[in-house]
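Residues per chain are reported as follows:
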Amino acid sequence: MAKILVTGGTGYIGSHTVVELQQSGYDVVIIDNLANSSEKIVEQITKITGIKPEFHKMDLCDRNKLFTFFENNKDIKGVIHFAAYKAVGESAEFPLKYYYNNLFSLVNLLEAMQKAECNNLVFSSSCTIYGQPEELPVSENAPIQQAMSPYGNTKQISEEIIVDQTKTSSLHAIALRYFNPIGAHKTALIGELPLGVPNNLIPFVTQTAIGKREKLRVFGNDYNTPDGTAVRDYIHVVDLAKAHVVALERMSSKKSESKFEAFNIGTGNGNSVLDVILTFEKVNNLKVNYEIVERRAGDVEQVWANTDKANKVLGWKTELGLDVALQSAWNWEKNLEKGILE
Ligand code: WQD
C-alpha cells in the first residue's frame, strides 16, 4: 500500500481525508502539532476504518525533526498538506503568527520532500484567494485579487511558492481551492471541532441549536443578494475529502497536464446565510435563535464555484447536498454534547 503523509491530519478536513485515504487502500501517516485539534481524533478515525493511522505530534516549523522524519520514512509516495492556521479574523489580529507558521512550515516541508525525492503534493488552498470575484461562478483563471486577510494572503503566497518549486525541482503539485467546508462524517465520530467561540457559520448554528450559545448573529442582511444575506458555496466535508484522493491518484498515475494544477472544490451552488439557517431548521426539525446584526468586516458579498474544471479535468464532483451536510453537522454536535471526545 502506498504510504501517504497527511499534515494536519487530526484537523477537520484532514481527519475526513485520512478516512477516505485509508478506505481507498492507502497507508496513512499523520503529522500534527495539535495546535487546533485533539489526538483523540486518531482513535475516532480508527473506530471508523478499523485501521489506526501512524501519528507523530510534530510542528512542521521544527526543521530538524521534520528532516529526520523523512529520513526515517523514505517510502512516502505523496503528501497532503493541511497543517496551517486558518482563522481569518485571528490572522488580522496576529499577522506574523500566520506568516511565520503557514509559510515557514510550507518551505520546510517542500525542502524535506525535495531531499527525500518525494514529488507529489496536494495543497489545501482556499477560494479566499479570489476575494470578491467580478464574475460568478468563479473559475480557476479568475484574477487573484488582493487578499482580504493575512490568512488569505498566506494561501496566495503558498501557491506562488509551490509554483516556483515545481519550476526548479521534480515536484508535482495540485492546489485544491476549497469553498466552504461543512458537515461531518456519517458516523458522527469526526467533525468540525472549533476551539473556543466558532468563527465559522455552521458550528455557531449547531452550538446555538444545542444551547451552548444564546443566539446566532447573522452578519448583515443588506447585501445585494436575494434575501440580503451573504452567499457562499457550502460543500460537504466528505465530498471535499474525496477530492484529495482523486488529486493524489491523478499525480501518481502521471495524468497531470502540468506540474502545478489548481481546482475549485465546491458544489457550484450558492446559498445565503438565511437559506442555511432555514434548511438546518427544516432537516433537523428545530428552531435556531438568530438576530440580524451589522456586516462582519472582511466578508465578501457572494462567492460560489465554477466546478467545470474539477468535474471534467480532475474527474470529481460533489455527491452530497446541503441538507445531508446540515443533518450530519447536527448529529456531530449532539455527539459532542454527549461527551464523545471526553
Ligand atoms: C460564512 C457566512 C458570514 C458566522 C471562511 C474563510 C475561508 C474558509 C471558510 C478556511 C458569511 C456568515 C458566519 C456567524 C454569520 N476557511 N456568518 N454569523 O468567511 O465564508 O470563509 O471560512 O479555509 O477561507 O474565509 O466562512 O463560515 O465564517 O462565514 O452570519 O456567526 O456566514 O458573514 O457570510 P467564510 P464563515
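Just above sits the structure.
**Regarding the pattern of salt bridges**
Thinking step 1. Per the stated rule, a full pass over the model turns up 13 salt bridges.
Thinking step 2. Here Glu-111 and Arg-63 are joined by a salt bridge, their closest N and O atoms 2.4 Å apart. With a gap of 48 residues between them, Glu-111 in helix H5 (residues 95-115) and Arg-63 in helix H3 (residues 63-72) connect regions that are remote in the sequence.
Thinking step 3. Across the pair Arg-296 and Asp-299 runs a salt bridge whose closest N-O atoms are separated by 3.0 Å.
Thinking step 4. Taking relative accessible area as the criterion, Arg-296 reaches 35% and is therefore assigned partly exposed.
Thinking step 5. One continuous salt-bridge network, built from bridges that share partners, spans Arg-250, Glu-257 and Glu-261.

**Thoughts on the pairing of strand S6 (residues 172-178)**
Thinking step 1. With 6 of 7 residues buried, S6 is to be regarded as a mostly interior element.
Thinking step 2. Where strand S5 (residues 120-126) meets S6, 7 bridges bridge the pair, whose relative direction is parallel. Bridge assignment links Phe-123 to a residue of S6, and that residue is Ala-175.
Thinking step 3. With helix H6 (residues 150-168) bridging S5 and its parallel neighbour S6, the resulting β-α-β unit is right-handed.
Thinking step 4. Across 6 bridges, the pairing between S6 and strand S11 (residues 260-265) is parallel. The residue bridging Arg-177 from the neighbouring strand is Asn-264, located in S11.

**Observations regarding the nonpolar core**
Thinking step 1. Core analysis: the largest hydrophobic core is formed by 41 residues, its most contacted members being Val-6, Leu-21, Ile-80, Leu-176 and Ile-265.
Thinking step 2. Looking at this core, the element that brings in the most residues is helix H8 (residues 237-252), giving 8 residues.
Thinking step 3. Ignoring any residue separated from it by four or fewer positions in sequence, one finds Leu-176 in contact with Val-122, Phe-123, Ser-124, Ser-125, Ser-126, Ala-243, His-244, Ala-247, Phe-263, Ile-265 and Leu-314.
Thinking step 4. Counting 26 residues, the second-largest nonpolar core is a separate cluster that includes Ile-76, Val-79, Ala-83 and Met-113.

**What to know about the packing of aromatic side chains**
Thinking step 1. In the structure shown here, the tally under the stated rule is 4 aromatic pairs.
Thinking step 2. When the ring of Tyr-85 is compared with that of Tyr-98, the centres are 5.5 Å apart and the planes differ by 55 degrees; the resulting orientation is tilted. In this pair, Tyr-85 is assigned in the loop between strand S4 (76-81) and helix H4 (88-93) and Tyr-98 in helix H5, connecting sequence segments 13 residues apart.
Thinking step 3. Measuring from ring centre to ring centre gives 5.2 Å for Tyr-100 and Phe-104, while their planes differ by 35 degrees; the resulting arrangement is tilted. Note that Tyr-100 and Phe-104 are positioned in helix H5 at a spacing of 4 residues, about one turn of the helix.
Thinking step 4. Above the plane of the ring of Tyr-85 lies Lys-97, whose end atom (NZ or CZ) is 4.7 Å from the centre.
Thinking step 5. Across from the ring centre of Tyr-223, 4.0 Å away, lies the NZ or CZ of Arg-295, which sits over that ring.

Cut-offs used in this document
Residues numbered from 1 in each chain as written. Predicted model: local features only at pLDDT ≥ 70, side-chain atom pairs only at ≥ 80, totals over all residues. Heavy atoms only, no water. Salt bridge = Lys/Arg side-chain N within 4 Å of Asp/Glu carboxyl O. Helix = DSSP H or I, 4+ residues; strand = E, 2+ residues; numbered from the N terminus. Buried < 20%, exposed > 50% of the residue type's maximum accessible area, 1.4 Å probe, protein only. Pairing = 2+ DSSP bridges. Right-handed = clockwise from strand over helix to strand, strands pointing away. Core = buried A, V, L, I, M, F, W, Y, C linked by side-chain atoms within 4.5 Å. Contact = heavy atoms within 4.5 Å. Phe/Tyr/Trp six-rings, centres within 6.5 Å; stacked < 30°, edge-to-face > 60°. Lys NZ or Arg CZ within 6 Å of the ring centre and 35° of its normal.

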